[in-house]
Amino acid sequence: MPDAALHALAVSATAEDGGTLARVESSVDEVFSGVSDALSSVIFYSVSIGGATFPLIVGWLVLAGLVFTAYFGFIQFRGFKLALETVRGRFSRDSDPGEVTHFQALTSAVSGTVGLGNIAGVAVAVTVGGPGATFWMICAGLLGMCTKFVECTLGVKYREVHDDGTVTGGPFRYLKVAFAKIRVTWVGTVLTAVFAIAIFFFGVAGGNMFQANQTFAQVRNVTGGEDGPLGSDGAAFVFGVVLAVLVGLVILGGISSIGRVTSKLVPAMAILYVTACLVVILSNLGRVPDAVGEILSGAFAPQGVAGGVLGALIVGFQRAAFSNEAGLGSAAIAHSAVKTRRPVSEGFVALLEPFVDTVIICTMTALTIVIAQPQSWLDARAEVAETGSSSADGVVLTSDAFESVVSWFPVVLAVAVALFAFSTLITWSYYSEKAWAHFFGRSAASVLTFRIVYCVFTVIGTVLTFGSVLSLADAMLFLCALVNIIGLYLLAPVVKAELRSYLADRRSGELARQAAEVPSP
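Quick notes on the rules
Each chain has its residues counted from 1, following the order in which its sequence is written. Whole-chain, interface and lining totals are the exception, using all residues; otherwise, since this is a predicted model, local features are given only for residues with pLDDT of at least 70 and side-chain atom pairs are given and counted only at 80 or more. Think of the side-chain values as coming from all heavy atoms in the structure, minus any hydrogens and water. In plain words, nonpolar cores are sets of buried Ala, Val, Leu, Ile, Met, Phe, Trp, Tyr and Cys residues tied together by side-chain atoms within 4.5 Å. The buried label applies to any residue whose accessible area, calculated with a 1.4 Å probe on protein chains only, is under 20% of its type's maximum; exposed applies above 50%, and partly exposed to all values in between. Put simply, DSSP H or I for four residues or longer makes a helix, DSSP E for two residues or longer makes a strand, and each gets a number counted from the N terminus. Contacts are assigned to residue pairs that have any heavy atoms within 4.5 Å of one another. Classification of ring pairs rests on two measures: the distance between centres of Phe, Tyr or Trp rings, Trp counted by its six-membered ring, which must be within 6.5 Å, and the angle between planes, read as stacked under 30 degrees, edge-to-face over 60 and tilted in between. By the criterion adopted, a ring carries a charge over it if an Arg CZ or a Lys NZ lies within 6 Å of its centre and within 35 degrees of its normal. Between N-to-C directions, angles cover 0 to 180 degrees, with each direction set by a line fitted to C-alpha atoms, over the stretch in contact for helices. Helix crossings fall into two classes, left-handed where the near helix is turned counterclockwise from the far one by less than a right angle and right-handed where it is turned clockwise. Any carboxyl oxygen of Asp or Glu within 4 Å of a side-chain nitrogen of Lys or Arg constitutes a salt bridge here.

(A) Quick look at the nonpolar core. Counting 158 residues, the largest nonpolar core has Phe-72, Phe-149, Tyr-273, Phe-348 and Tyr-431 as the members making the most contacts within it. A total of 21 residues in this core trace back to one element, the largest contributor, which is helix α21 (residues 467-508). Leave out the neighbours within four places in its chain, and Tyr-431 touches Ala-109, Ile-199, Ser-330, Ala-331, Ile-333 and Ala-334.

(B) Structural context of the packing of aromatic side chains. Enumeration over the complete set of coordinates arrives at 27 aromatic pairs. Here a set of aromatic residues connected by ring pairs shows up, and it is made of Trp-60, Phe-68, Tyr-71, Phe-72, Phe-149, Phe-348, Tyr-489 and Tyr-502. Positioned over the ring face of Tyr-71 is Lys-496, at 3.8 Å from the centre of the ring.

(C) Local environment of unusual backbone geometry. Unlike most non-glycine residues, Glu-325 shows phi in positive territory, near 65 degrees. The phi angle at Gln-373 is positive, at roughly 45 degrees, despite the residue not being glycine. Position of Gln-373 relative to the elements: it lies in the loop between α16 (352-372) and α17 (375-387).

(D) Layout of the packing of helix α5 (residues 102-113) against α16. Running from amino to carboxyl end, α5 crosses α16 at an angle of 35 degrees, the nearest separation of the two axes being 10 Å. Handedness of the crossing formed by α5 with α16: right-handed. From α5, Leu-106, Ala-109, Val-110 and Thr-113 reach across to α16, where they touch Leu-352, Glu-353, Val-356 and Asp-357.

(E) Spatial organisation of the pattern of salt bridges. All chains considered together, the criterion is met by 13 salt bridges. Between Glu-498 and Lys-157 there is a salt bridge whose closest N-O contact spans 2.8 Å. In this pair, Glu-498 sits in helix α21 while Lys-157 sits in helix α7 (residues 133-157), placing the two residues 341 residues apart along the sequence. Taking the shortest distance from any N to any O, the salt bridge between Arg-287 and Glu-294 comes out at 3.2 Å. A residue is classified by how much of its surface remains accessible, and Arg-287, at 21% relative accessible area, is partly exposed. The partly exposed category is assigned to Glu-294, whose relative accessible area is 25%. Members of the salt-bridge network, linked through shared partners, are Lys-81, Glu-85, Arg-90 and Arg-506.

(F) Seen up close, the side chain of Ser-263. Positionally, Ser-263 belongs in helix α11 (residues 254-283). Take Ser-263: its relative accessible area is 15%, and that puts it in the buried class. Discounting chain neighbours no more than four positions away, the residues touching Ser-263 are Phe-103, Gln-104 and Thr-107.

(G) Seen up close, the environment of Arg-173. With respect to the helices and strands, Arg-173 occurs in helix α8 (residues 171-181). Accessibility expressed as a relative area gives 26% for Arg-173, which makes it partly exposed. Non-local contacts of Arg-173, meaning those with residues more than four positions away in its chain, are made with Tyr-158, Arg-159, Glu-160, His-162 and Thr-168.

Honestly, that's just the spatial picture; any functional story needs more than this.
Here is the structure:
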């Protein structure tokens, strides 16, 4: 996910202290500071368990994964093969209602979750929680697959297909249905509005401004920093305008355009990044058995980790929960636009999302660092053992692991960061647009106004950081989880009924027959 919580770790692309822009940034942060601190203290309220600090929101997300995994009989494992068949379009037709294919819906959602957290966040996790955090991160990712299955099935089940063929779905629709079931419709209306506000605010700040800021920062660093071609005054603004134009060219076409771009961009950036990680791993092939041993032993008998086993578990769970967005409801917005007549089909496709984001990409980052063991990481681990924390920059740790094999590999990392950020930018524009439409309607003028505003904030984000705004946005995103998961619990029986019907039709051959059937003109 965008991971605005990592903004403190990243290199700032702001003007020098004392400049006009710096004063603007300081003033805006001052306005949002009190609200940000108050909301963050509630949303990220933590308790101390065995010497480790545990944010309760992470427990809420992981608990949902456990409950749904048990309730649906480990469907993420039983249905993995079916998920692969479905994402390839085996049981769907072009004439089905919706805007994008199963594969495009998946890549659109994945592009919104894969971001700086998969690189910097994982590096910090294996530093603070040790190699063993990788094991628990994978476990939490596997649990999140089932949560994603539930929310995305509901996103399609209760979506609205408009007269022009566009779709509105996700929590905007199913939260009202969920609370109507317990006869408190007004609660559903209020919480849906809260969800829309939170998604919009995070989309503009964390999903847009932060990504633009970090894209410029990484590109500037790799081209020579302050002394390079992007170190001059005004470079950030020009870069922001170019980036905004590129974003605008994609998002003006709506989810269909976003889906077409992400269906090519996401596989390309994933292959690029995973290949780079594999080069590092294969170059240190002799270290692989020891590294795997460190990960397994570190999961159950960690050394130099505050809280011991619980500390490693908490860090791993937290990284997975903050990365794949399972339970937040955001991905259900993109998945609801899929072309299908069977809601649970997209649930199967959606369960692949945490697998790609957490089990593959996050794990590859962790393995790369643990196997390469760059000196900066060893120093950071020593700092953690001595003080309980580390000030190391996660991107730098990953970059150093890459550089340990090929000197110019940090350039590959910079390209990956830029691609991850751009993909996040375009997907979160869609999420934010649906939140905007919830309050201001779907008229052409309203939609165009939003898209222009979104691109303007892309430019602003390149120039300014707004630390308190990003912290507030981060808290608001996880506020969505509190609201969304309650709705998932209330509607879980609906998903189970859909699942039974779908599996029965698959066994009888009805799914294949319907897919092959020529629709009436």
